[in-house]
Amino acid sequence: MRLKDKVALVTGASSGIGAGIAARFAAEGARVAVNFRPGSPKDRDAAEAAVAGFGANAIAVEADVSKHDQVEAMVARVVEAFGRIDIAVNNAGIEINKPFLETTDEEWNRVLGVNLQGGFYVSQAAARAMVKQGGGGRLIFISSVHEDIPFPNYTSYCASKGAIRMMMRNLCIELAPHGITANNIAPGAIATPINQTVLDNPIAFKNAVSEIPLGRFGKPEEVASVAVFLASDEASYVTGSTYYVDGGLTQQVTMY
Ligand code: NAD
């Protein structure tokens, strides 16, 4: 039990990587708040089913991470339910496949709103609560290999993830006096709903796999195991870093 009695909030935790992290945190003894976005009965059902499976030490919390007031209310609810918050995983994210020249204001703002503003709102509300309660804390951002590597037709996504990288590095310094660490996990290609189009298309899937040295997509659990490490006492001296979980993808890309 590497996270016994720690209180963790995981955003966008009704599917994919977030669901994998929430499940692993619960298995490691954490009390877990499973965030899901409003307006999606499927996400609500998945979050509530996960919480039921985790037992009494979990709650489902509804909030659109791109909305400041909803995030404030969500973090307050976590603190009210569990008395504190020790770990915040900023996982909720979206992407839009659109050439730069055709990207609209609305699309740009939507992606940046969830991926970047959401990361700001959640980490700020959580860090304020951590400072108030004392004893430090952990901020973990699920960024992407595209915090560093360009991805044509996904400029809004790459801009949001690159900005998360810089935010995390600043937080590492600003929050260190409070004992709060900040780190990124940069997944490569993980088999989750965000990649459903590629997973469903044999040619696109083969092309994607051909760029991954380990020759396969990753699983949410393989990202979750790094999140457990970063959230645990074993990572007490780790801050300001990005951990790549990409099967070697970033190394392969540099060959071209
Ligand atoms: P996913 O689509 O299953 O998960 C994204 C989650 O975010 C969903 O549960 C969705 O409901 C939630 N979400 C979206 N908008 C939200 C909002 N406004 N408020 C609250 N929740 C919201 O896909 P995933 O792969 O599990 O993605 C999780 C994170 O991992 C994302 O930030 C994504 O960018 C990142 N990532 C994924 C991959 C990959 O290959 N799967 C690679 C790199 C990075």
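First, a word on scope: everything that follows refers to the structure included in this document. None of the values given here were measured: they were computed from a predicted structure.

**Side note on the environment of S14**
Okay, so step 1: Note on placement: S14 falls in the loop between β1 (7–10) and α1 (16–27).
Okay, so step 2: When its relative accessible area of 13% is taken as the criterion, S14 is described as buried.
Okay, so step 3: Each C-alpha atom, one on S14 and one on N35, is 7.1 Å from the other, the two residues being 21 residues apart in sequence.
Okay, so step 4: Filtering out sequence-adjacent residues up to four positions away, S14 remains in contact with A19, N35, F36, D43, A46 and A47.
Okay, so step 5: In this structure the side chain of S14 is engaged in a polar contact, spanning 3.5 Å, whose partner is the side chain of D43.

**So, helix α3 (residues 68–82)**
Okay, so step 1: Taking 1.5 Å per residue, 15 residues should reach 21 Å; α3 reaches 21 Å between its end C-alpha atoms and fits that length.
Okay, so step 2: For α3, the set of buried residues is V71, M74, V75, V78 and F82. Seen end-on, α3 carries its buried residues on one side only, within an arc spanning 95°. The outward face of α3, more than 90 degrees from its buried face, is lined by the exposed residues D69 and E80.
Okay, so step 3: One or two steps after α3, the chain reaches G83, where phi turns positive at roughly 85°.

**A short note on the pairing of strand β2 (residues 31–36)**
Okay, so step 1: The element β2 is largely enclosed, with a buried count of 6 among its 6 residues.
Okay, so step 2: With burial as the criterion, each face of β2 is covered, one bearing R31, A33 and N35 and the other bearing V32, V34 and F36.
Okay, so step 3: Chirality of the crossover, the property in question, places the unit of β1, α1 and β2 among those that are right-handed.
Okay, so step 4: Where the polypeptide runs from β2 across helix α2 (residues 41–54) and back to strand β3 (residues 58–62), its parallel neighbour, the crossover connection is right-handed.

What counts and what doesn't
Sequence positions are assigned chain by chain, starting from 1 and proceeding in written order. pLDDT decides what is reported in this predicted model: residues at 70 or higher carry local features, side-chain atom pairs at 80 or more are listed and counted, and totals for whole chains, interfaces and linings draw on all residues regardless. Values shown for side chains rest on all heavy atoms present in the structure; no hydrogens or waters enter the calculation. Helix numbers and strand numbers start at the N terminus; a helix is a DSSP run of H or I with at least 4 residues, a strand a run of E with at least 2. Note on classification: 1.4 Å probe, protein chains only; a residue is buried when its accessible area is under 20% of the maximum for its type, exposed when over 50%, partly exposed between these limits. We call two residues contacting when some pair of their heavy atoms lies within 4.5 Å. Whenever two N or O atoms come within 3.5 Å, that pair is a polar contact, provided that in protein one can donate a hydrogen and the other can accept it, and provided that, for residues adjacent in sequence, both atoms are side-chain atoms. By this rule the span expected of a helix is its residue count minus one, scaled by 1.5 Å. Arc definition: directions from the helix axis to the C-beta atoms. By the criterion used throughout, a crossover qualifies as right-handed when its path from the first strand across the helix to the second strand runs clockwise, the strands pointing away from the viewer.

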